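# Summary of the model geometry
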Amino acid sequence: MAIAITVIASAPAFAQSGSIQTTVPDGKTAFLTVTTSGSSNCFQASGNSWSSADIGKYFVARGLGISATEWTFTSKIASVPDSAHICTVDTPTLAKSGANVLSFWGTDQTANLQTAFTNGATSGRGAAVTGGIYLVSTPLSCMPPPLPWNNTTGSPPLCQFSPGAYLLYVGSNPANGAFVTFGSVAPDYSGYLREAVVQGGTIDCNFICGYAEFFPHFKHLKRSFQKTKNALWAGVRYNDSVNAPSASGGIVDFANDYEWDTIQLNITNISSAAQPVITTQQPHGLTGARFVSIVGANNVPSGIPLTFWAESLSPTTLLIHGINGSAWAPFAGSALLSLALPGYRKPVTFYTATPTIPPVVNTDGLYSTGGVGGHIQNNDLIDVYNVSSTGTGYDGTYTAKNLTGAGADGNWQLSLFDGANPVDGRSITVTGAGWLVKKYGLVPCSAGQCPLNAGVYMDGATDAEFQNNTINGTVVAFFANPTAGGYDGKYMGNHVWNYPQAGPMLYSHSIAGDNSLIGEQVDCPAWFGPKFTARNNTIMGSEMNCSGFNSNPDAMTTYLRLDKNASASIWGGRIKGQSSPTARPQFEVSDASVAGSPAQNAGHPNYKRFGLEADNTIYTVSDSYRWSLTGATSAAQPQGSTRYLGPTGAQPSAVNATYLAAYPGRAIKMTIQVDATPSAGQSFTFIANNGATTLGSCSVSTGAYSCEAELHGYIGVGNNLYIQSIFTATSGPANVRYALTFDG
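My aim in this report is to walk through the structure given alongside it, one point at a time. Keep in mind that this is a model prediction, so the values were computed, not measured.

Cut-off values and rules
Residues numbered from 1 in each chain as written. Predicted model: local features only at pLDDT ≥ 70, side-chain atom pairs only at ≥ 80, totals over all residues. Heavy atoms only, no water. Helix = DSSP H or I, 4+ residues; strand = E, 2+ residues; numbered from the N terminus. Buried < 20%, exposed > 50% of the residue type's maximum accessible area, 1.4 Å probe, protein only. Contact = heavy atoms within 4.5 Å. Areas by Shrake-Rupley, 256 points an atom, 1.4 Å probe, with all protein chains shown as cover. Pairing = 2+ DSSP bridges. Axes fitted to C-alpha atoms, helices over the stretch in contact; angles between N-to-C directions. Salt bridge = Lys/Arg side-chain N within 4 Å of Asp/Glu carboxyl O. Core = buried A, V, L, I, M, F, W, Y, C linked by side-chain atoms within 4.5 Å.

## Focus: the overall build of the chain
- Of the regular secondary structure elements, the chain holds 1 helix and 67 strands.
- For the chain, the residues scored as buried account for 55% of the 744 residues in total.
- In the chain, the proportion of contacts linking residues at least 24 apart, taken out of those at least 6 apart, comes to 72%.
- When the accessible surface of the chain is totalled, it reaches about 26900 Å², and 53% of it is carbon and sulfur.

And the structure:
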């Protein structure tokens, strides 16, 4: 039987077999021995035999640039004086002399990559990026095949990367912030990705571009075995909620990595002063102020945060704000300085608020000295949480105005506004300290709104599945646009953490509702685990791991944050401390069931706090875990004397009078009462101490019988606490009752 065969005279180009491959790049990397002066564009770069063939190549070196590029230097080679020296078009900012400077160099591979991407799309064959180091000066676009063959039956051929392919960006931040964009938001759907698969390679933004990868419009997307690095806004962005012609569909994000490289400078001294000064061996390149981290300093006591707001005094000195180091030991040995993440957020203490319109909040550490990053400035949005109060309460989001401050260690104030309108605080009485932090969310960027230092940014994508990913070096690991996404996600077996050099993570997840988190691990230092903004979330068998890691010195490590109307069910899980913890059974956490929370606080979020207790298991409280140390003298203290108050009353020396702290926490308040007032012109002075560190003081003057002091400081388990009581020469005697209050 004859079979009729139809002959196609001209088959479409996309029917060819095999992907379009890139040519092998000439990029190289090595740890070089570099000596720069900070004023010359010619310098030693030993470790490679340079020649005239290298002229015109891009050159990247970690640790030679300005702080705005995280100390990374990017330029072109202008000339080669000899095999051990090069001259670049730009001058390295930092003077440096040393080995192990991570460097990259090579010719611009933009054309190599973009030609393969374009030909792979138009031919319908896709593109394959071979192994090698690609220095790229222009953002890349990977499109699907032309319509109507864009995935009519299966996954469209796109751009795939060899595991050994390393793409390093050396241009300027693109208009849309993205190094590599897959597809487009074209209204004819010619850039719509249907059932797309992308995998392999390392995409490094080099502290220049906003996103390493961007997927603006898709039906269903699978991404795996990729690493994104050093992106200012997020490692990868899913969806464009503003410009796409329709909502994007689901994501499967599997076994991917995100990293942020930290560069360190040697510290030669940290002064013991009310405002400590850091001296660096090399110029730090910092202008204005920024959060920095100190690692390995012998004189920074255990229990003190390692991330500080620092202001440039000179090319090699930085002034630390917000901590009193006058009792610190002399600096010895060595230490390292690094820049915290540009978007770093540090919660500060909310002590009190006046019952006025607007309420004036007394707090610490606002650092309104200028600069960039996560410090609070006038008209910033701030989140307030964990404040114990009567009345309607203060938990919520506000605008900060009227910032004032007396100094680095003094009391700072701000007024609370709802937008432009002052908040009415007349019916609210604060009964316990809480926290406030500069709000994290979408902020203006050169390409519109974007997050800062996120691992993954979901801008409207739903039904996302994230499995077995590792994310290191973010303010928020998984962030969803709060107005457009973050629903119906499944997060399984992901591991997120920051090294202490980057500063503690703010949230592991900031997502909405109907999400499931299973087997997630968040390593300290971190302020919070997941934050939910909507209802019906589930957490199962997930932990915050602070064992062997750098837990937050003030013990403000919180398992879960629920915003207004959010809820979550929790099965098992734990905060893991230095001893073996146990998991809790199931319990429900929601805005309707938070014990002790002012549920009747309509308009304010309700939540439970999970922190570190003595046995390191999870515990729940409606506000901070608060504890006090109290006592009284058994006999009147004589005039003209100094005594030390502790668990055994008044003692002649501090060593016999100390409380031994059984819990970690923050010093909040000292309360003093006496049974006799000082004589005319005399006083009783009381100083709260944590070892050699002063936490605060107050005085009882003539006619008074009590005083209170707000305390500033962090308490570690085993710290020695006591009150120094000083009676002036003719004050007269008195008995003293005293209490120190702490917030865990």
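Let's pick the thread back up.
## Structural notes on the sheet that holds strand β7 (residues 96-106)
- Judged by pairing direction, the barrel is antiparallel, and its 6 strands sit side by side in the order β2-β3-β6-β5-β4-β7 before closing back on the first. Neighbour to neighbour, the strand axes of the sheet diverge by 50° on average, direction disregarded.
- As judged from the 8 bridges shared by strand β2 (residues 28-36) and β7, these two strands associate in the antiparallel manner. If you follow Thr29 over to β7, its bridge partner there is Phe104.

## Things to note about the pattern of salt bridges
- Applying the stated criterion across every chain yields a total of 16 salt bridges.
- The residue Asp54 makes a salt bridge to Lys57 at a minimum N-O spacing of 2.9 Å.
- One salt-bridge network, held together by shared partners, links Arg62, Asp204, Lys227, Lys229, Glu259 and Asp261.

## Examining the sheet that holds strand β11 (residues 159-161)
- With parallel pairing, 3 strands are arranged side by side in an open sheet as β1-β8-β11. Each having just a single partner strand, β1 (20-21) and β11 make up the two edges of the open sheet.
- When β1 meets strand β8 (residues 127-129), the two strands line up parallel, connected through 2 bridges. Bridged to Gln21 within β8 is Ala128.
- Sheet contacts for helix α1 (residues 110-122): β1, β8 and β11; angle to β8, the most-contacted strand, approximately 150°.

## Here's the deal with the nonpolar core
- In this structure, Leu167, Phe179 and Tyr238 are the most contacted members of the largest nonpolar core, which totals 90 residues.
- The element contributing the most residues to this core is strand β42 (residues 476-480), with 5 residues.
- Apart from the residues lying within four places of it in its own chain, the contact partners of Phe179 are Val136, Pro139, Leu140, Leu167, Leu168, Tyr169, Ile203, Asp204, Cys205, Cys209, Tyr211 and Ala212.
- Grouped together as the second largest cluster of nonpolar side chains are 27 residues, Ala688, Leu695, Ile723 and Tyr738 included.

## Observations regarding the environment of Thr642
- With respect to the helices and strands, Thr642 occurs in strand β58 (residues 642-646).
- For Thr642, a relative accessible area of 30% translates into the label partly exposed.
- Each C-alpha atom of the pair Thr642 and Ser653 lies 8.9 Å from the other, and the pair is 11 residues apart in sequence.
- Those residues within four positions of Thr642 in sequence are excluded, and the remaining contacts are Gln637, Gln724, Ser725 and Ile726.

## Quick notes on the pairing of β2
- Here β2 runs beside strand β3 (residues 42-46); their pairing, made up of 3 bridges, is antiparallel. Directly across from Thr33, in β3, lies its bridge partner Ser46.
- In sequence, β2 turns back onto β3 through a hairpin of 5 residues, with Gly38 there showing a positive phi of about 85°.

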